[in-house]
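A structural walkthrough
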Amino acid sequence: MKCKTIITELADYLDEALDPILRASIEEHLGKCKDCRIVVDTCKQTIEIFCNSEPAPLPQTTRLRLHEALAKRLRRVRA
Amino acid sequence: MSSSKLDPVARRPLPSQVVKDDESALVAAAKAGDISAFETLVGRYERKIFRLTQNITQNREDAEDAMQEAFLKAYEHLQSFEGNSRFYTWLVRIAVNQALMKLRKRRPNVVSLDEEVNTGEDMVPREVEDWGPSPADRYAQTELSEILTKVIGDLDPPFRIVFQLRDIEELSTEETAEALGLSVPAVKSRLLRARLKLRQTLNQYFRRGENK
Ligand SMILES: [Zn+2]
């Protein structure tokens, strides 16, 4: 297996969507190739950093505008 | 010697991702015309929807408009929400449509989501560096969220939108494909590119020895 194959299968590997045979041969390569191991690991960390980050609170003006628009339109729709 | 086997991606349930018990009751009440129930749902998801529309449009004004329109559309079409998906996933799809419309209006030539994606040799990273454990903990919350906003904004639209839906909003590959009108293989190739590119960009912030 070549490093390039690790990269092309990387997304499915991280999403655990690979068949066990391919998965096993990827893991075998990762056991021997430090570069690929780091790429897989830092790629995994990249996803975790994004999916584990809380969104910032809405800026005050944005929030006000949203709730004004809702109040105006919703009451009209239901009126 | 470190093991070659990795644990699966650890998706921690965030406070904002925990579906509260009262959600289906709120949706039912909103369907029956209870405006304050709907406003409670808005308050619950407004931060996430705004981050979503901001990351797609990359424009504050468009992001605000897209968010407003998404919530209004959701309210108008609430009767068609059948409850077999999560309310949030349904809302995300509406917001994505609104945000894409804004983006296409502003940059009509740039946004073709289904362009061919090259998955060639050039994707193999060179000179890889290790990050060490918990790299994100080296930054304060606000600083980290600025970094993340910036690096995702540097991706081309097809990549950042697929990444946003699949890895941040945690839609499935199939849901992402359906929301964007792309094939499953097209979503996968964009997701791979996006993840590799983000990894590369984040490297400058997270590599070992980068002592913040
Ligand atoms: Zn390798």
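On a predicted model such as this, the values are computed, not experimentally measured, just so you know.

1. A closer look at the pattern of salt bridges
Within the structure shown, the criterion is met by 19 salt bridges over all chains. Measuring nitrogen to oxygen at the nearest pair gives 3.5 Å for the salt bridge that ties Glu27 of chain A to Arg23 of chain A. With a gap of four residues between them, Glu27 of chain A and Arg23 of chain A both fall in helix H2 (residues 20–32), about one helical turn apart. Taken as a pair, Glu27 of chain A and Arg23 of chain A share a single burial class, namely buried. Note that Asp130 of chain B and Arg208 of chain B form a salt bridge whose closest N and O atoms lie 3.5 Å from each other. Residue Asp130 of chain B is found in the loop between helix H4 (87–106) and helix H5 (141–153), and its partner Arg208 of chain B is found in the segment after helix H8 (184–206); the two are separated by 78 residues along the sequence. Residues joined in a network through salt bridges with shared partners are Asp15 of chain A together with Arg166, Asp167 and Arg195 of chain B.

2. Brief notes about H2 of chain A
All names here are of chain A. The end-to-end C-alpha separation of H2 is 19 Å, in line with the 18 Å expected for 13 residues at 1.5 Å each. Residues of H2 that are buried include every one of Arg23, Ile26, Glu27, His29 and Leu30, and no others. Buried residues of H2, viewed axially, fall in a sector of 160 degrees; they line one side. Summarising the geometry of H2, the exposed residues directed more than 90 degrees from the buried face are Ile21, Glu28 and Lys32.

3. Description of the domain arrangement of chain B
All names here are of chain B. Split by domain assignment, chain B resolves into domain 1 (14–106) and domain 2 (121–211). Each of domain 1 and domain 2 has a C-alpha centre, and the two are 24 Å apart. Taken together, the contacts link 16 residues of domain 1 with 16 residues of domain 2. When domain 1 packs against domain 2, the two sides together hide about 1300 Å² of surface, and 57% of this comes from carbon and sulfur. On the domain 1 side of the interface with domain 2, the three residues burying the most area are Asn55, Gln58 and Arg93, jointly 37% of the side's total. Connecting domain 1 to domain 2 are one salt bridge.

4. Thoughts on the packing of aromatic side chains
This model, assessed by the stated rule, comprises ten aromatic pairs over all chains. When the centroid spacing of 5.0 Å and the interplanar angle of 80 degrees are considered together, the rings of Phe50 of chain A and Phe163 of chain B count as edge-to-face. With one member in each of two chains, Phe50 of chain A in helix H3 (residues 34–51) and Phe163 of chain B in helix H6 (residues 157–168) form a pair that bridges those chains. Assessed through its relative accessible area of 3%, Phe50 of chain A is described here as buried. Classification of Phe163 of chain B by relative accessible area gives buried; the value is 0%. Measuring from ring centre to ring centre gives 5.8 Å for Phe87 of chain B and Trp90 of chain B, while their planes differ by 35 degrees; the resulting arrangement is tilted. One end of the pair is Phe87 of chain B and the other is Trp90 of chain B, both in helix H4 and three residues apart, which spans about a single turn.

Cut-off values and rules
- Residues numbered from 1 in each chain as written.
- Chains lettered and ligands numbered in written order.
- Predicted model: local features only at pLDDT ≥ 70, side-chain atom pairs only at ≥ 80, totals over all residues.
- Heavy atoms only, no water.
- Salt bridge = Lys/Arg side-chain N within 4 Å of Asp/Glu carboxyl O.
- Helix = DSSP H or I, 4+ residues; strand = E, 2+ residues; numbered from the N terminus.
- Buried < 20%, exposed > 50% of the residue type's maximum accessible area, 1.4 Å probe, protein only.
- Expected span 1.5 Å × (residues − 1).
- Arc of directions from axis to C-beta.
- Domains from an automatic or database assignment.
- Contact = heavy atoms within 4.5 Å.
- Buried area = accessible area lost by both parts, 1.4 Å probe.
- Phe/Tyr/Trp six-rings, centres within 6.5 Å; stacked < 30°, edge-to-face > 60°.

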